[in-house]
Protein chains: 2
Amino acid sequence: MAAQIYSGEKYASRRREISANLAKRPEFHDSKPLPFMTREEKILESSRKLTLISKHMNEIIDPSDKRELYHLNCEVLGIEGNPMALHGDMFIPALTAQASDEQQEKWLSRALRREIIGTYAQTELGHGTNLRKLETIATYDVDTQEFVLHTPQITALKWWPGNLGKSSNYAVVVALMIIKGKNYGPQTFMVPLRDEKTHQPLKGITIGDIGPKLAYNIVDNGFLGFDHYRIPRTNLLMRHTRVEPDGTFVKPPHAKINYSAMVHVRSYMITGQAIMLAYALTIATRYSSVRRQGQIDTTQPEVKVLEYQTQQHRLFPSIARAYAFVFAGAETVRLYERVLQEVETGNVSLMADLHALTSGLKSVVTHQTAQGIEQARMACGGHGYSQASYISEIFGVAVGGCTYEGENLVMLQQLARYLVKSAGLVQAGQSSKLGPLVAYLGAKSDSTSLIDRTPTPGFAEYVKTFQHIARKQTLKAAQKLFGFMEKGDTREVAWNKSTVELNRASRLHTRLYIVEAFVRRVEEVADPRLKEVLTDLLRLHVNYELLDVAAYALEDGFLSSSQLDYIREQLYFYLAKIRPNAVSLVDSWEFSDRELRSVLGRRDGNVYENLFAWAKASPLNKTDVLPSVDKYLKPLMESARASKL
Amino acid sequence: MAAQIYSGEKYASRRREISANLAKRPEFHDSKPLPFMTREEKILESSRKLTLISKHMNEIIDPSDKRELYHLNCEVLGIEGNPMALHGDMFIPALTAQASDEQQEKWLSRALRREIIGTYAQTELGHGTNLRKLETIATYDVDTQEFVLHTPQITALKWWPGNLGKSSNYAVVVALMIIKGKNYGPQTFMVPLRDEKTHQPLKGITIGDIGPKLAYNIVDNGFLGFDHYRIPRTNLLMRHTRVEPDGTFVKPPHAKINYSAMVHVRSYMITGQAIMLAYALTIATRYSSVRRQGQIDTTQPEVKVLEYQTQQHRLFPSIARAYAFVFAGAETVRLYERVLQEVETGNVSLMADLHALTSGLKSVVTHQTAQGIEQARMACGGHGYSQASYISEIFGVAVGGCTYEGENLVMLQQLARYLVKSAGLVQAGQSSKLGPLVAYLGAKSDSTSLIDRTPTPGFAEYVKTFQHIARKQTLKAAQKLFGFMEKGDTREVAWNKSTVELNRASRLHTRLYIVEAFVRRVEEVADPRLKEVLTDLLRLHVNYELLDVAAYALEDGFLSSSQLDYIREQLYFYLAKIRPNAVSLVDSWEFSDRELRSVLGRRDGNVYENLFAWAKASPLNKTDVLPSVDKYLKPLMESARASKL
């Protein structure tokens, strides 16, 4: 099963080898539980490990394999970020994509060797989503051939970039380029921030950490302000764009140069989110088969809480989603690679389809992941609330994904724009021009669903029902938008009056895709035992998801009341059927105890004694009597006793 | 409006006076932002304030008025708990309810004077929900007339009680009482834990803090183990029960002595949750009218994000819920007081009704509150993720309510038991015996809803539709349960196969009650302007909530497709209509900046400069170069540079 999850036996087995290798290297393990450390201690601990990784990486992984590096980081550094996370994820890719060959020779090589540490600074205090309104300016001074970086007001401060606050000494900075009074829009510049020797901020640079966050607190997200800070003209990244010494601007050959980078990041995000959901579910499912509470048969001992239908309903549909997400993620990554090849040959037709899809996936997957993690935490009862469960930290990290890399409701609108365009084609009788991922919008619906008509209905009937729902909502929401425009609203005003319905269409389109990706994967599985287990999980998935969106199909009679009852019965049937496989389904993700960092999620199930050991080691128990008691509570009680005398 | 929220002008105006008084007392203010403190620092800070409150409380509030004390605590101590929270909330009430007059003279007076600090220890490491299976034992030794408290295995450790770990020197402990080999079930004992002078744990006591949690980290939730620890026989709390020196057990006169305490706590919890939801919405709504991002009319400046329909949809239905919850909470408290009076006169008919209702309310309100707070946080975009927003802390505290005082899914089942019993009465043709809160279960449904039949349909039509839905699901779920039993399942097995559907019925019953409470309140409002604003909010509420559960009514044709469209149009109409009043609707809760503790939620709207000031003051910015950089990152870069040479 691990090979299904990790797209092949090779990586699945490399993961195991890496974990086994690390198990024998105690210096790579957490020196104490992360929840016991202050932010400063966590950063110190993470920096220690970064040094170790830098030194010994080649003994453990193939550093050219990104997935191996990812797994190493999960095991050693964990999910809360690290002081050089953006160096590899953003700084080096930015230099690779945007620096000229000459610039790469100068900076990229140093970055790759870690002679310098860098990040990518785009978002500002006042602007994140609306990039066109960024306020940091880079004014060209022809006389000195320098750009003058400046932060004209407080909202123009760079704000949020990871590792900007304390760790990096360089950044690729996005600023509005002004030449001879003309605004050339946002451009990227290589900017030294700190003295390479002392690491002190350079003159003209205001820099620091933005303070504690919900999670990700090992990352020093930073602020950055410029006071007429000068950099040479040649620090403008000039792979695609250029400024001559005299200030002449040479345009890039084509504009959408960053389009594929977004698709790339979002495709991988989906897999990363699936893993975090699977972390939480592994913890909760294992714990639920250890925790005993209450009786179903009063003559028998207390039952494992996983026997309760409510607990199964809380966890199993999310287990199905974690599988669905990882399958959809893998498919999207493959699709992305195919599109890249096609782009090479000049065929860009699928790119818009894929860009729209990944926008929707990013939004739906992060939202459902956060929901699933929270349910997993609550499934652990009171102990889920303890940081010993580690689920609250997993939640905090995962839920950040709802906002970064494109705020979710904005992402849904990116997909909605594509859907509206597609609905327009359908309306105009040009369905043949629809992209492959939206071709179903041009098809005719059957008059009713057939999900309950055969003894074992095929998944195709479910897919048709999801298609009917997504199609109906897409065409209806688009019609609503067009209706407002016909009545005289501008497109923007009409859009704003229709956004909630448009976003509903985006979600339904995305959820259809996730179901389809799951169906396609199950159809590919050869091993019969594996296929059976995954088929059960898929049956749970389609029934659970369909029940959730059934109102759209009940409304027009596509689904009947008795079909809804059928869906419910199927749902409860598969909850019970999956119960015996539940622990295996989460164990198949093969997370080591070190990676999970959860006392509740231990593979050996020795939860209670380890909770006690964990608690005893926690910081407040260093002394029997806290300073707060000596200083305040004891005097409070003593004075009450004395005043009575 | 504040008088509506706080059940009368008197308390609303006292709140204002208390806030104004505290504004002039800087020693009562946070000495620095709480997110900058370690747990130990927060506990120290909170203990400092407790001493101050103890000293000056009488100058600020009427200490006999619980609501005034609550507001003082919200302003001064905040939501993260305090080292003496359980002393007032649980220890004193437990002694009041369960200690005999003689015992009260001995201990309650000392507790009230704060000569001792205590808590209430019931939950154990292995058992929370299933109290009958608690494992701590108190064995009576006739020879010495002592109870021997003992923790026979690790799962028997007391675990979770607030302030048990470090602050308290006494606890009321629940343990299974064993006399001459016979188990008399859980009883309560007054137990000294720490030396009154030194505060060191007494011999035979293992005690400590259970470690960091998702939130509430100013509370030292603790563990407690006994090693054959002896207390006098007279430490058994003997108001209702008694053990004679020879070991004779004298039973309490009636068993359900604690029933009303649960109802009491849950009634007040609803109001507390409403306030936390309102905190988050105040922050998000204010910030959304400061934050400008994107344009709707491209010839105009960027708009406040509150102009976006998606943002309104994220926030306004939750604003309506916060009002609905506070109204439902107030009504429940009044109902509780009425029931108490009736109980005095021997009439207990309403108690079961109310107990069932508060179980459902506790579950639905905490769940929807947590959801609403998360949406409010995400509505603040990236800055919502910063602890400067404080919303993540509010979420962490509020979401604890989903688990403590009865796990939510278990709570729903308590209500479901009552609903099933009621459904049984309906089935048996004994609808006249139904309790007042479930009387609608015996009524006949109309054949269709009439919500769109008149130009301005009354709320009664909506209530009828919610009643139809709740009735249908209750009767159907009960039928499912009865069906399994008829086929031979035990009640417990049948229950477990039906729980998800039964819990759905409980939610629908509860949501009906919330709608009704909102309707009743609006009908009572005299002031026409106030009534108009609240009526708009209620219209938003009924349409939003009905859309959410519409599938139940579409299924059987009670609602038609065109009525669903009507509901949607009403929803979008009222989102737009409420927009101009949105800030007033949250301002009406009258939270001071000190109480909100949020940079984003500031009343003056000076968000950006204060975010910058907050960030600069945060702990990581004490030094320009972090120890982690000096120790690890600088050497890392230096060695890379050196090895190149």
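Calculation notes
- Residues numbered from 1 in each chain as written.
- Chains lettered and ligands numbered in written order.
- Predicted model: local features only at pLDDT ≥ 70, side-chain atom pairs only at ≥ 80, totals over all residues.
- Heavy atoms only, no water.
- UniProt positions renumbered as here; feature names shortened; annotations may be inferred.
- Pairing = 2+ DSSP bridges.
- Helix = DSSP H or I, 4+ residues; strand = E, 2+ residues; numbered from the N terminus.
- Domains from an automatic or database assignment.
- Contact = heavy atoms within 4.5 Å.
- Buried area = accessible area lost by both parts, 1.4 Å probe.
- Salt bridge = Lys/Arg side-chain N within 4 Å of Asp/Glu carboxyl O.
- Polar contact = N/O pair within 3.5 Å; in protein donor to acceptor, adjacent residues only side chain to side chain.
- Axes fitted to C-alpha atoms, helices over the stretch in contact; angles between N-to-C directions.
- Parallel < 35°, antiparallel > 145°, perpendicular 65-115°, else oblique.
- Left-handed = near helix turned anticlockwise from the far one by under 90°.
- Nonpolar A, V, L, I, M, F, W, Y, C, P; charged D, E, K, R; others polar.
- Expected span 1.5 Å × (residues − 1).
- Buried < 20%, exposed > 50% of the residue type's maximum accessible area, 1.4 Å probe, protein only.
- Least-squares fit on C-alpha atoms with pLDDT ≥ 70 in both.
- Core = buried A, V, L, I, M, F, W, Y, C linked by side-chain atoms within 4.5 Å.
- Phe/Tyr/Trp six-rings, centres within 6.5 Å; stacked < 30°, edge-to-face > 60°.
- Lys NZ or Arg CZ within 6 Å of the ring centre and 35° of its normal.

Looking at an unreviewed UniProt entry, one finds chain A named Acyl-coenzyme A oxidase, with Caenorhabditis japonica as its source organism. Looking at chain A in UniProt, the text filed under Sequence similarities (unreviewed entry) is "Belongs to the acyl-CoA oxidase family." The Pathway (unreviewed entry) field of the UniProt record for chain A holds the comment "Lipid metabolism; peroxisomal fatty acid beta-oxidation."

A. Expanded view of the sheet that holds strand 7 (residues 205-209) of chain B. Residues and elements named next belong to chain B. Strand order in the open sheet formed by three strands is 4-8-7, with antiparallel pairing between adjacent strands. Either end of the sheet is taken by a strand with one partner, and the two such strands are strand 4 (158-159) and strand 7. Pairing analysis gives five bridges linking strand 7 to strand 8 (residues 222-226), with the strands arranged antiparallel. Bridging across to strand 8, Ile-207 finds its partner in Leu-224.

B. Looking closely at the domain arrangement of chain A. Residues and elements named next belong to chain A. When cut into domains, chain A gives domain 1 (2-82), domain 2 (116-250) and domain 3 (261-435 + 459-585). In this assembly, 10 residues from domain 1 lie in contact with 16 residues from domain 3. Summed over both partners, the interface of domain 1 with domain 3 comes to about 1,200 Å²; 63% of that surface belongs to carbon and sulfur atoms. Area buried by domain 1 at its contact with domain 3 is led by Gln-4, Ile-5 and Ile-79, which between them contribute 54% of it. Taken together, domain 1 and domain 3 are joined by zero salt bridges. Our enumeration of links across domain 1 and domain 3 arrives at two residue pairs in polar contact (both at pLDDT 80 or more). Of all the secondary-structure elements, those providing two or more residues to the side of domain 1 that touches domain 3 are helix 1 (2-5) and helix 4 (66-76).

C. Inspection of the UniProt feature "active site" (unreviewed entry) in chain A at higher detail. Residues and elements named next belong to chain A. As annotated by UniProt and renumbered to match this structure, "active site" (unreviewed entry) occupies Glu-405. On the secondary structure map, Glu-405 appears in the loop between helix 11 (391-400) and helix 12 (408-427). Beyond its immediate stretch of four places on either side in the chain, Glu-405 contacts Val-265, Arg-266, Met-269, Lys-362 and Met-411.

D. A look at the packing of helix 21 (residues 627-644) of chain A against helix 3 (residues 39-60) of chain B. At their nearest, the axes of helix 21 of chain A and helix 3 of chain B sit 9 Å apart, and the two run at 10° to each other. Judged by the inter-axis angle, helix 21 of chain A sits roughly parallel to helix 3 of chain B. Crossing angle aside, the handedness with which helix 21 of chain A passes helix 3 of chain B is left-handed. Residues A:Pro627, A:Ser628, A:Tyr632, A:Leu633 and A:Leu636 of helix 21 of chain A form the contact with helix 3 of chain B, whose participating residues are B:Ile43, B:Leu44, B:Ser47, B:Arg48, B:Thr51 and B:Ser54. In the contact of helix 21 of chain A with helix 3 of chain B, the residues fall into six nonpolar, four polar and one charged.

E. Looking closely at helix 12 (residues 408-427) of chain B. Residues and elements named next belong to chain B. Its 20 residues give helix 12 an end-to-end C-alpha distance of 28 Å, which sits within 8% of 28 Å, the value for a rise of 1.5 Å per residue. Turning to helix 12, its buried residues number three or more, namely Asn-408, Leu-409, Met-411, Leu-412, Gln-413, Leu-415, Ala-416, Tyr-418, Leu-419, Val-420, Ser-422 and Ala-423. The backbone nitrogen of Leu-409 has a side-chain oxygen 2.9 Å away, supplied by the residue at the start of helix 12, namely Glu-407. Looking one or two places after helix 12, you find Gly-429, whose phi comes out positive at around 70°.

F. Summary view of the interface of chain A and chain B. Listed by partner, the interface residues are 141 residues for chain A and 141 residues for chain B. Where chain A abuts chain B, roughly 11,600 Å² becomes buried across the two surfaces, and 60% of that area is made up of carbon and sulfur atoms. Broken down residue by residue, the surface that chain A buries against chain B is led by A:Lys166, A:Tyr385 and A:Leu620, which jointly contribute 7%. The interface formed by chain A and chain B holds 12 salt bridges in total. For A:Glu196, the salt bridge goes to B:Arg641, with nearest N and O atoms at 3.5 Å. At the surface where chain A touches chain B, the tally comes to 64 residue pairs in polar contact (both at pLDDT 80 or more).

G. Spatial organisation of unusual backbone geometry. At A:Arg114, a residue that is not glycine, the phi angle is positive and equals roughly 65°. Following the sequence through the fold, A:Arg114 ends up in the loop between helix 6 (101-112) and strand 1 (118-121).

H. Focus on the relation of the copies chain A and chain B. With an RMSD of 0.0 Å, the operation that places chain A on chain B is a rotation of 180° combined with a shift of 0.0 Å along the axis. This pairing of chains is accounted for by a two-fold axis. Taking C-alpha positions as the reference, the residue of chain A nearest the rotation axis is A:Ala551, at 2.3 Å. With an isologous cut-off of 70% or more, the 100% of interface residues of chain A that recur at the interface of chain B puts this contact in the isologous class.

I. Representation of the sheet that holds strand 8 (residues 222-226) of chain A in the model. One open sheet accounts for three strands, arranged 4-8-7 (chain A); its pairing is antiparallel. Since the sheet does not close on itself, it has two edges, and those belong to strand 4 (158-159) and strand 7 (205-209) of chain A, each with one partner.

J. Representation of the pattern of salt bridges in the model. Within this structure, the stated rule accounts for 92 salt bridges over all chains. Between A:Glu555 and A:Lys476 there is a salt bridge, with the nearest N and O atoms lying 3.4 Å from each other. Of the two residues, A:Glu555 is situated in the loop between helix 16 (551-554) and helix 17 (561-578) and A:Lys476 in helix 13 (residues 459-486); the sequence distance between them amounts to 79 residues. Judged by relative accessible area, which is 8%, A:Glu555 ranks as buried. The partner of B:Lys476 in a salt bridge is A:Asp565, with the nearest N and O atoms 2.8 Å apart. Of this pair, B:Lys476 sits in helix 13 (residues 459-486) while A:Asp565 sits in helix 17, placing the two residues on different chains. By relative accessible area, which is 31% here, B:Lys476 ends up partly exposed.

K. Here's a closer look at the nonpolar core. A:Trp159, A:Tyr323, A:Trp589, B:Trp159, B:Tyr323 and B:Trp589 are the most contacted members of the largest nonpolar core, which has 267 residues in total. Leave out the neighbours within four places in its chain, and B:Trp159 touches A:His383, A:Leu611, A:Phe612, A:Ala615, B:Thr123, B:Glu124, B:Leu125, B:Ile210, B:Gly222 and B:Phe223.

L. Fine view of the packing of aromatic side chains. The tally for this structure, following the rule as stated, stands at 37 aromatic pairs over all chains. Measuring from ring centre to ring centre gives 5.5 Å for A:Tyr323 and A:Trp589, while their planes differ by 75°; the resulting arrangement is edge-to-face. Within this pair, whereas A:Tyr323 is found in helix 8 (residues 309-344), its partner A:Trp589 is found in the loop between helix 18 (582-587) and helix 19 (593-596), the two being separated by 266 residues in sequence. Judged by relative accessible area, which is 2%, A:Trp589 ranks as buried. Their ring planes at 45° and their centres at 4.7 Å tell us that B:Phe36 and B:Trp614 sit as a pair that is tilted. With B:Phe36 in the loop between helix 2 (9-23) and helix 3 and B:Trp614 in helix 20 (residues 607-616), this pair connects stretches of sequence that are 578 residues apart. Among the aromatic residues, those joined into a cluster by ring pairs are A:Tyr6, A:Tyr11, A:Tyr279, A:Tyr323, A:Phe327, A:Phe518, A:Trp589 and A:Phe591. Lying across the ring of A:Trp495, A:Arg417 places its NZ or CZ 5.0 Å from the centre.

M. Highlighting the pairing of strand 6 (residues 182-192) of chain B. As defined by bridge partners, strand 5 (residues 170-179) of chain B adjoins strand 6 of chain B across nine bridges and the pair is classed as antiparallel. Across the sheet, B:Ile178 pairs through a bridge with B:Asn183, a residue of strand 6 of chain B.

N. Representation of the environment of A:Ala388 within the structure. All names here are of chain A. When you line up the elements, Ala-388 lands in the loop between helix 10 (381-385) and helix 11. The exposure class assigned to Ala-388 is buried, which follows from its relative accessible area of 2%. Non-local contacts of Ala-388, meaning those with residues more than four positions away in its chain, are made with Arg-597, Ser-598, Val-599, Leu-600, Leu-611 and Trp-614.

O. Main features of the environment of B:Trp495. Residues and elements named next belong to chain B. Mapped onto the elements, Trp-495 comes out in helix 14 (residues 491-524). Each C-alpha atom, one on Trp-495 and one on Lys-480, is 9.1 Å from the other, the two residues being 15 residues apart in sequence. A polar contact is formed between the side chain of Trp-495 and the side chain of Gln-413, at a distance of 2.8 Å.

P. Main features of helix 9 (residues 349-379) of chain B. All names here are of chain B. Here helix 9 contains 31 residues, and its C-alpha end-to-end distance of 45 Å stays within 8% of the 45 Å for a straight helix at 1.5 Å per residue. Counting buried residues along helix 9, 26 of its 31 residues qualify, which places the element largely inside the surrounding structure. Of the residues flanking the end of helix 9, it is Gly-381, one or two places downstream, whose phi is positive at about 60°.

Q. Layout of the side chain of A:Ser46. All names here are of chain A. Checked against the element boundaries, Ser-46 lands in helix 3 (residues 39-60). Residue Ser-46 is classed as buried on the basis of its relative accessible area, which comes to 3%. Once residues lying within four places of it in the same chain are set aside, the contact partners of Ser-46 are Leu-77, Gly-81, Asn-82, Pro-83 and Ile-218.

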